[in-house]
Amino acid sequence: MSRISVAIDGPAGAGKSTVARRVAKRLGITYVDTGAMYRAIAWKALQNKIDPENEEAITQLAESVQIDLHPDGIRVDGRLLKDELRTSEVSQLASNIAKMPGVRRILVNIQQRIAEGRSVVMDGRDIGSHVLPHADVKVFLTASIEERAMRRYREMKAKGIDVDFEQLKAELAKRDENDRTREIAPLKKAEDAVLVDTTGCPVPEVVEKILQLCRNKINDEE
């Protein structure tokens with residue numbers, strides 16, 4: 001295949017970003033973290049002290065902000081953001097922003113343009129069902145909420161961020177509900193996506209499963 005597109009969807013904390021980044025590296029193709037794009041808008045809105053309920057102002061912000069891919073994170077108006085995008089405040093606002101039709105339209109357009117001329121591994125909530133409905137390989141990653149919360153807990157603790165496990169679990173449950181019930185492109189498994197449960201499954205094993213799906217697709221096309 002001259003190009004391959006891989007869509008990886010799933011709820012928060014399922015390991016999408018970690019797995020997608022490694023798959024892209026192994027394949028030698030572009031990784032696109034769509035969740036980071038929504039987090040970037042959320043971060044910028046918080047920096048600018050925009051009312052989180054002001055959909056018009058946040059949509060205007062999304063239209064004006066410059067977002068660029070970077071191997072270590074994402075650039076927003078020239079500033080490289082990494083850990084700033086992982087705070088609970090940014091996560092919760094990003095989940096709310098993702099329900100705004102104007103913001104979704106702007107970011108989906110950017111994501112689709114990125115995928116037009118190159119091979120990509122793209123992860124998010126609605127990649128296989130909405131952003132890249134014709135992706136060559138579609139995967140839906142999931143894991144128990146306890147495991148997802150523990151992963152976030154360990155990740156934040158390792159960065160010196162004080163966090164409560166039960167609060168994290170409650171926030172994940174709220175994000176799951178937001179993502180599943182939003183009117184525009186809700187979180188759901190595409191009909192032709194392969195379900196991969198990562199509960200208790202080491203990251204290298206998950207990566208290998210997805211790489212095998214890619215190999216199978218490439219072999220089928222040759």
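Residues numbered from 1 in each chain as written. Predicted model: local features only at pLDDT ≥ 70, side-chain atom pairs only at ≥ 80, totals over all residues. Heavy atoms only, no water.

You'll find the protein chain entered in an unreviewed UniProt entry as Cytidylate kinase, with Thermoactinomyces intermedius given as the organism. The heading Subcellular location (unreviewed entry) in the UniProt record of the protein chain holds the text "Cytoplasm". The heading Sequence similarities (unreviewed entry) in the UniProt record of the protein chain holds the text "Belongs to the cytidylate kinase family. Type 1 subfamily." (UniProt positions renumbered as here; feature names shortened; annotations may be inferred.)

A. Molecular detail of helix α9 (residues 203-221). Here α9 is 19 residues long and its end C-alpha atoms lie 27 Å apart, about the 27 Å a rise of 1.5 Å per residue gives. Within α9 the residues assigned to the buried category are Val206, Val207, Ile210, Leu211 and Cys214. For α9, the buried positions fall inside an angular range of 130° around the axis, keeping them on one side. Turned more than 90 degrees from where α9 packs its buried face, Pro204 and Asp220 sit exposed. If you follow the buried residues of α9, they end up packed against β1 (5-9), α1 (16-27), β7 (137-142) and β8 (194-197). (Helix = DSSP H or I, 4+ residues; strand = E, 2+ residues; numbered from the N terminus. Expected span 1.5 Å × (residues − 1). Buried < 20%, exposed > 50% of the residue type's maximum accessible area, 1.4 Å probe, protein only. Arc of directions from axis to C-beta. Contact = heavy atoms within 4.5 Å.)

B. Fine view of the confidence of the model for the protein chain. Taken over all residues, the pLDDT of the protein chain has a mean of 91, while the share at 70 or more is 99%. Predicted confidence in the protein chain is weakest over strand β3 (residues 67-70), with a mean pLDDT of 87, and strongest over β1, with 97. (pLDDT = per-residue confidence, 0-100.)

C. A look at the packing of aromatic side chains. According to the stated counting rule, one finds one aromatic pair in the structure shown. Centre to centre, the rings of Tyr153 and Phe165 are 6.1 Å apart; their planes meet at 85°, and the pair counts as edge-to-face. One end of the pair, Tyr153, is in helix α7 (residues 145-158); the other, Phe165, is in helix α8 (residues 165-181), with 12 residues separating them in the sequence. Tyr153 sits in the partly exposed class, given a relative accessible area of 24%. (Phe/Tyr/Trp six-rings, centres within 6.5 Å; stacked < 30°, edge-to-face > 60°.)

D. Expanded view of the sheet that holds strand β2 (residues 30-33). An order of β2-β6-β1-β7-β8 is seen for the five strands of this open sheet, with the pairing classed as parallel. Among the strands making up the open sheet, the edge pair consists of β2 and β8. On average, adjacent strands in this sheet sit at an angle of 20° to one another, irrespective of strand direction. Pairing of β1 with strand β6 (residues 120-124), which is carried by five bridges, proceeds in the parallel orientation. Paired with Ile8 across the two strands is Asp123, which belongs to β6. (Pairing = 2+ DSSP bridges. Axes fitted to C-alpha atoms, helices over the stretch in contact; angles between N-to-C directions.)

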